[in-house]
Amino acid sequence: MLNVLIVDDEISHVLGLVRFMEWEELGFESPSTAESGEEAVEFLQSYHFDVLISDVSMPGMSGIELAAEAKRIHPHLQILMISGYNEFEFVQDAIHVGAQAYVLKPLKTEEVALRLQSFRAAIEMRREVVEQTRKLERRVSGSIKLVKERFVDELIAESLPVEELIASWDGLLTLPVLNLGYQIIVLGLDRYPSSGMEAKHRMLLGSSLKKTLEIAFSYDEDIWIAQTTSDEFVALHVNPLPAARAKVEKQFQFIQSIMSDQYGATVTIGCSREGFRWEDAPLLYREIRFSMTKARLIGNGQIVRCNDVEPGDFAAYRMHDEFVPGLLKGLDSGDAEQVAEYMNRIKEALLATGNASFSYVHAFAMSILGELIRHLKWRNEPDGEANILMWRQMLDCGSASQMAELLAGYVQRYTATEQKAHLNQQHNLMRKVSLFIEERIHEHWTVKQLAEQFNLNASYLSVLFKREMGRTISEFVQDTRIGRAKKLLQDPHIKVYEVADQVGIQTTAYFTYLFKKLVGVTPQDYRDYGYSLDDGLQLDIKSDHRTSSSSPL
């Protein structure tokens, strides 16, 4: 049975809910009751509740303030707010702080019952998810083989930064200290595109290779096997001794012969160079797969070692298929971190070609410059002048380091120019948006409508506005309305309800609530005691009117 707390300063409403609702049939214990927000907080701190039902308007702590505090105490608490027809703006605030639903006065028991049934279903579903998650955690924790497989799969996929990945596996898997390093072994079925192999047969081959690997490597607990695709497996050999390495090498021919004799399939096997940091695993994996791809051009069923491939080949492959596209993408999106990351990789790749001929390195750097020039367009510069200068400077370079620095400077200048222009555009656009809001502060615009007005995506507008203005659109609207209200309140001939209407707040009650929340006093107190005719700033008021201000929405 679930526990519910009902809070309302009008005792007749509380008694009516307690008396006329079929609590037991709905799956609830007889409810606890409180007549104020302060009393309800004491209950919430002392006892566990699943559902809170609260009136919006109460003296002292309002229902909105109670909902916010209740969510802090019990984050998964389901909250139902009760409001009058003229208090809908209160309900919006309540939902913002975590209330799940509301009902309007006069209360209808069937409507309240429907909300409670919905709450009960949500609570039971959450409990079921928590229980299933715990069961899954227990099963996963009991299967070290599965844990190792998932770790290897995530490690080489580079789905997370390695530090975060290792931290996320803490408690499930104790990673060994890499005293002797590790080696990545990739075992992949060779494909025959023209054979028209059916999916069923491909699945059979993949399952057969998996079983073969498990048998072949079953003697060594330091070999962790993971399936990366339907026809590829990765074996991570951790801290292998020389004898263990030799034994693994012997198993390669066993694996290839079993797959060939039993299933007529060939397997290409690749052995990476040694790794001594977990952070290097994704790169080692990509290196050996590249080597295997090149080897398959000659023939299937080979055993490939990373040392068999020219080091410059993989660097060139990464440069044109990974580094340069990543750099250009970062430049297009204005992502400074991505630009810096890929520029560093390009510099490292150029410097790593020290053993190659100078003409090879020069051609390498010139090809990168060509990619950049074709892709980038400079602002406010005569066409071609900057590019011609760059070509000449590149031809005059006498070392790989000079070429790397020249490319980095070219990208840096372009990035700075584009970023400045982009920031100016954003600043001007957000200035137009803020002026638009200020001129229509008495109207009610949604973020979606505002975005459509300026041909923007609503989410992008929200993020851009917050970054440029330092406040959300909702906070800016509230602050602007309160700022306008302060000025209007200085005119004694304008009624408080007229001020509320002129700044776009529909009810005097909500205007009073919001003004007190943001300014610290009611509108009437502000008019009577709280402003200076010179600057409109709030002054200290009499102690019997003083109240602590709250943070804006």
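Our structure's up above, just so we're on the same page.
What you see is a predicted model; the values in this text were computed from it and never measured. (Residues numbered from 1 in each chain as written. Predicted model: local features only at pLDDT ≥ 70, side-chain atom pairs only at ≥ 80, totals over all residues. Heavy atoms only, no water.)

**Notes on the pairing of strand E4 (residues 78-83)**
At step 1: With 6 of 6 residues buried, E4 lies mostly within the body of the structure.
At step 2: Here E4 shows two buried faces, one formed by Gln78, Leu80 and Ile82 and the other by Ile79, Met81 and Ser83.
At step 3: Across 5 bridges, strand E3 (residues 51-55) lies against E4 in parallel orientation. By the bridge assignment, isoleucine 53 is partnered in E4 with leucine 80.
At step 4: Here E4 runs beside strand E5 (residues 101-104); their pairing, made up of 4 bridges, is parallel. Paired with serine 83 across the two strands is leucine 104, which belongs to E5. (Buried < 20%, exposed > 50% of the residue type's maximum accessible area, 1.4 Å probe, protein only. Helix = DSSP H or I, 4+ residues; strand = E, 2+ residues; numbered from the N terminus. Pairing = 2+ DSSP bridges.)

**As for the environment of alanine 281**
At step 1: Tracing the sequence through the fold places alanine 281 in helix H11 (residues 281-296).
At step 2: In this structure, the C-alpha to C-alpha distance between alanine 281 and glutamine 183, residues 98 residues apart in sequence, is 8.8 Å.
At step 3: Beyond its immediate chain neighbours, meaning those up to four positions away, alanine 281 contacts Leu155, Tyr182 and Ile184. (Contact = heavy atoms within 4.5 Å.)

**A short note on the pattern of salt bridges**
At step 1: For the structure on display, the rule yields 15 salt bridges.
At step 2: Ionic pairing is found between arginine 296 and aspartate 190, a salt bridge with its closest N-O pair at 2.6 Å. Within this pair, whereas arginine 296 is found in helix H11, its partner aspartate 190 is found in the loop between strand E6 (182-189) and helix H9 (199-216), the two being separated by 106 residues in sequence.
At step 3: On the accessibility criterion, arginine 296 (29% relative accessible area) is partly exposed.
At step 4: Given the relative accessible area of 6%, aspartate 190 is considered buried.
At step 5: A salt bridge links arginine 245 to glutamate 274; the nearest nitrogen and oxygen atoms lie 2.7 Å apart. Taken together, the positions of arginine 245 in helix H10 (residues 242-263) and glutamate 274 in the loop between strand E9 (267-271) and H11 put the pair 29 residues apart, joining distant regions of the chain.
At step 6: Accessibility expressed as a relative area gives 39% for glutamate 274, which makes it partly exposed. (Salt bridge = Lys/Arg side-chain N within 4 Å of Asp/Glu carboxyl O.)

**A closer look at the environment of valine 433**
At step 1: By the element assignment, valine 433 lies in helix H16 (residues 400-439).
At step 2: Taking the C-alpha atoms as reference, valine 433 lies 9.1 Å from alanine 451; in sequence the two are 18 residues apart.
At step 3: With residues near it in sequence (within four places) discarded, valine 433 still touches Leu450, Phe454, Leu461 and Phe465.

**Let's talk about the sheet that holds strand E10 (residues 303-305)**
The pairing of strands in a sheet comes from backbone hydrogen bonds and takes either a parallel or an antiparallel form.
At step 1: Spatially, E7-E8-E6-E9-E10 is the arrangement adopted by the 5 strands of the open sheet, whose pairing is mixed. Each edge of the open sheet is held by one strand with a lone partner, namely strand E7 (223-229) and E10. This sheet shows a mean twist of 20° between the axes of neighbouring strands, independent of strand direction.
At step 2: Where E6 meets strand E8 (residues 232-238), 7 bridges bridge the pair, whose relative direction is antiparallel. The residue bridging isoleucine 185 from the neighbouring strand is alanine 235, located in E8.
At step 3: The sheet strands contacting H9 are E6, E7, E8 and E9, and the helix crosses E6 at an angle near 145°. (Axes fitted to C-alpha atoms, helices over the stretch in contact; angles between N-to-C directions.)

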